[in-house]
Amino acid sequence: MLGTLVEIRAEGGDGLAAALDAAFAEIEACQAYLSAHQPTSDVRRLAATSPGVTLAVNERTWEVLSLALEFAAASDGIFDPTIAPRLAAAAYLPAELAGGEGDWRDLELLPEHRLRLRRPLAVDLGGIAKGYAVDRAVDVLLAHGVAAGCVNAGGDLRLFGSEAETIHLRHPADPTRLLPVGKLADGACATSAPYFARRQSGGRSLSPLVDPRDGSLLPDFDSVTVIAARCVHADALTKVALLLGDAAGPLLARYGAQALRVDPAGRIIALPAAGFIASSPVPSPVPCRLPSRVATGD
């Protein structure tokens, strides 16, 4: 689901099996409505919608688009959910998303989970949907009375109700090795890193991450992890921190988040903000044992 392995752990409370089933069902619903690779998703329906036509979408789609536009406005377009045509042109997304000259400012959200386009456009929610789905699944577990647990969608994860647990990041130069960076409780983290999605083009290694300022695919880059209270915030902010570096500090602080950059040598550098203390000194990498809470990245 969501193009990655999803793991859910639940502890305490009655009816854990039903809670887990409901949480996985919520993840599947997010996949159905938010994935660019699902032909019947709202993302694909939006790409086929003409300007001026009102389109009714699922509440999940409306909510995640609202959050995406919030981050786009707050970052002055550094987080941009309308980079789908560039990714489709590079064959990272289906060809049906290749058209449209509009940008995030051309997407109008209307009451009752409806929206309208000012110009043709296509969206890619890959930079925020996993975090959103993780939060939705956690909400389902809490509604079922689960006392503690973890939802992990390929490294976009959120812990709740448990004691602090050690978080590991993959070493950018050797993703089979892990770097323990600190402990996390009742919080979330997400990572953007190129190591599982690199492509060679013209003698360069490129990633499926787009710089909205010039439409270019980013070459190899250091991995960036963001820690925040909500996984959807951590997911979206990884892209901002990746592109802005230290200049992302004010926006990270606004969401009570912190970014950690891991360079090719395995050094962990904290970007400005507060709320998470990395291990110091940075431990040596440890062999990867594929635990359920490895921040694997996009």
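Since the model is a prediction, treat every value here as computed from it, not as a measurement.

(A) Here's a closer look at the overall build of the protein. Regarding its fold elements, the protein presents seven helices and 17 strands. Here the protein holds 298 residues, and 54% of them are scored as buried. Taking as baseline every contact in the protein between residues at least 6 positions apart, the subset at least 24 positions apart corresponds to 65%. Put simply, the protein shows about 12,300 Å² of open surface, and 53% of that area lies on carbon and sulfur atoms.

(B) Here's a closer look at the environment of N58. One can find N58 in the loop between β2 (55-56) and α3 (59-74). It is 9.6 Å that separates the C-alpha atoms of N58 and C30, two residues lying 28 residues apart in sequence. Not counting residues up to four positions away in its chain, the partners in contact with N58 are Y33 and D42.

(C) Spotlight on the packing of aromatic side chains. Summed over all chains, the structure comprises two aromatic pairs. An aromatic cluster is defined as three or more aromatic residues linked by ring pairs; in this entry it consists of F71, F79 and Y255.

(D) Spotlight on the pattern of salt bridges. Scanning all chains against the criterion turns up 16 salt bridges. One salt bridge connects D263 with R267, and the closest N-O pair in it is separated by 2.8 Å. The network of salt bridges with shared partners includes E26, E59, R60, E63 and R136.

(E) The packing of helix α1 (residues 16-34) against α3, seen in detail. Two numbers describe how α1 lies on α3: the axes approach to 9 Å, and their chain directions differ by 75°. When the axis of α1 is compared with that of α3, the two are roughly perpendicular. Facing α1, whose interface residues are E26, A29, C30, Y33 and L34, α3 presents R60, T61 and V64. By residue class, the composition of the contact of α1 with α3 is five nonpolar, one polar and two charged.

(F) Representation of the sheet that holds strand β4 (residues 114-117). On the basis of which strands lie adjacent, the open sheet formed by three strands has the order β2-β4-β3 and antiparallel pairing. Two strands close off the open sheet at either side, each with one partner strand: β2 and β3 (107-110). Along the sheet, α3 makes contact with β3 and β4, crossing β3 at roughly 130°.

(G) Up close: α1. Taking 1.5 Å of rise per residue, the 19 residues of α1 would be expected to cover 27 Å, and the 27 Å separating its terminal C-alpha atoms lies within 8% of that figure. Among the residues making up α1, those that are buried are A19, A23, E26, I27, A29, C30, Q31 and L34. Packed against the buried residues of α1 are β1 (6-11), α2 (42-47), α3 and α5 (129-143).

(H) Region of the structure containing the pairing of β4. Only one face of β4 is buried, namely the one carrying L115 and L117, since none of R114 and R116 on the opposite face is buried. By the bridge criterion, two bridges tie β2 to β4 in an arrangement that is antiparallel. In the strand pairing of β4, L55 is matched with L115. Where β3 lies against β4, four bridges are found, and the strand directions are antiparallel.

Scoring rules and cut-offs
- Residues numbered from 1 in each chain as written.
- Predicted model: local features only at pLDDT ≥ 70, side-chain atom pairs only at ≥ 80, totals over all residues.
- Heavy atoms only, no water.
- Helix = DSSP H or I, 4+ residues; strand = E, 2+ residues; numbered from the N terminus.
- Buried < 20%, exposed > 50% of the residue type's maximum accessible area, 1.4 Å probe, protein only.
- Contact = heavy atoms within 4.5 Å.
- Areas by Shrake-Rupley, 256 points an atom, 1.4 Å probe, with all protein chains shown as cover.
- Phe/Tyr/Trp six-rings, centres within 6.5 Å; stacked < 30°, edge-to-face > 60°.
- Salt bridge = Lys/Arg side-chain N within 4 Å of Asp/Glu carboxyl O.
- Axes fitted to C-alpha atoms, helices over the stretch in contact; angles between N-to-C directions.
- Parallel < 35°, antiparallel > 145°, perpendicular 65-115°, else oblique.
- Nonpolar A, V, L, I, M, F, W, Y, C, P; charged D, E, K, R; others polar.
- Pairing = 2+ DSSP bridges.
- Expected span 1.5 Å × (residues − 1).

No statement about biological role is implied by the geometric values presented.
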